[in-house]
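Residue-level structural notes
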Amino acid sequence: MPDAIAASLPLAEIAPGLAVRGIAPPLRLVDYRLIAFDMDATLGNIECIDEVADVAGRGAEVAAITAAAMRGEIADFKTSLRRRVAMLRGTTLAQLEEVRQQRHRPNPGAEALLAACRAAGLYTVLVSGGFTFFAEPFAAKLGMDFVRANVLEIEDGALTGRLLEQPWGDIVDGAQKRATLLDRCAALGIAPQQAIAVGDGANDLPMMQAAGLSVGWHAKPRVREYANVVIDTGGLERLLDVVRP
């Protein structure tokens, strides 16, 4: 949905903490072929970079930059991410593992929503501005089909403060999230209108605006302005009240 049109449409609450714009529910899940999720603070319960910074003693400084980026106050996500990753130089693999094992969990309703999507035949995508160290095992545990995230450079058991180049680039920003969604749609031979995109922050908007249905879960104000579905309370499974299995 074009930005100007989406922003002009009002949100209509259909249940406490659940609102829609530009659609007439109930929709049918089987009419979609792909669902793409952001990871940090959407499918997963934490902003991984903030938690890593916390165990490394840089939590408040990094979290402030993350929050500003997710609100859309920092236009250049790539620069902000490189700056935050540089602050993590020297963080050990043991500290990363502590965050992964003790703090990183699926958000409420994530597993139920994914199970319904798989049952309806949807291809599931995790596309994250975070890191493969967290995203790959997280997606595997949830039985997802595809994952794309950034790769931390590690030397001698510690972070160097840099990211590694990959065939598609070095940083998953908003543009890369959109490109990933469109690439996966093309690989499946489907139209972007047959895709659902779920996110919470400003860098999720490009993929959300490219998809046929956009979902903001506990979303930042800028995302709320454009999303077709806004879930303010409860778990991710509340999407199934709008898009019925």
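Residues numbered from 1 in each chain as written. Predicted model: local features only at pLDDT ≥ 70, side-chain atom pairs only at ≥ 80, totals over all residues. Heavy atoms only, no water.

1. Brief notes about the packing of aromatic side chains
For the structure shown, the criterion picks out one aromatic pair. Considering the side-chain rings of Phe-133 and Phe-134, the 5.2 Å spacing of their centres and the 75° angle between planes classify their relative orientation as edge-to-face. In this arrangement the basic side chain of Arg-100 is found over the ring face of Phe-133, its NZ or CZ atom lying 3.9 Å from the centre. A cation over an aromatic ring shows up here: Arg-184 above the ring of Phe-146, its NZ or CZ 4.3 Å from the ring centre. (Phe/Tyr/Trp six-rings, centres within 6.5 Å; stacked < 30°, edge-to-face > 60°. Lys NZ or Arg CZ within 6 Å of the ring centre and 35° of its normal.)

2. Re empty space enclosed by the protein
Taking a probe equal in size to a water molecule and rolling it over the atoms shows the remaining empty space. Using the criterion set out here, one finds two cavities of 30 Å³ or more in the structure. Here the largest cavity defines a volume of roughly 120 Å³. What lines the largest cavity is a set of 15 residues, among which Asp-40, Glu-47, Phe-77, Gly-129 and Gly-130 lie closest to the centre. Elements supplying a minimum of two residues to the lining of the largest cavity: helix H4 (59-70), helix H5 (77-87) and strand S5 (123-131). A per-element tally of the lining of the largest cavity places S5 first, with four residues. Its residues assigned to classes, the lining of the largest cavity shows five nonpolar, five polar and five charged. (1 Å grid on protein atoms, 1.4 Å probe; cavity = no way out; pocket = protein on both sides within 12 Å on 5 of 7 lines; lining within 4 Å. Points joined across faces, edges and corners; volume = space filled by probe spheres on them. Helix = DSSP H or I, 4+ residues; strand = E, 2+ residues; numbered from the N terminus. Nonpolar A, V, L, I, M, F, W, Y, C, P; charged D, E, K, R; others polar.)

3. As for the pairing of S5
Within S5, nine of the nine residues are buried, which leaves the element mostly enclosed by the surrounding structure. Here strand S4 (residues 34-37) runs beside S5; their pairing, made up of four bridges, is parallel. Across the sheet, Ile-35 pairs through a bridge with Thr-124, a residue of S5. Inspection of the sheet shows S5 paired to strand S6 (residues 146-155) by four bridges, in the parallel sense. What sits directly across from Phe-131, in S6, is Asn-150. (Buried < 20%, exposed > 50% of the residue type's maximum accessible area, 1.4 Å probe, protein only. Pairing = 2+ DSSP bridges.)

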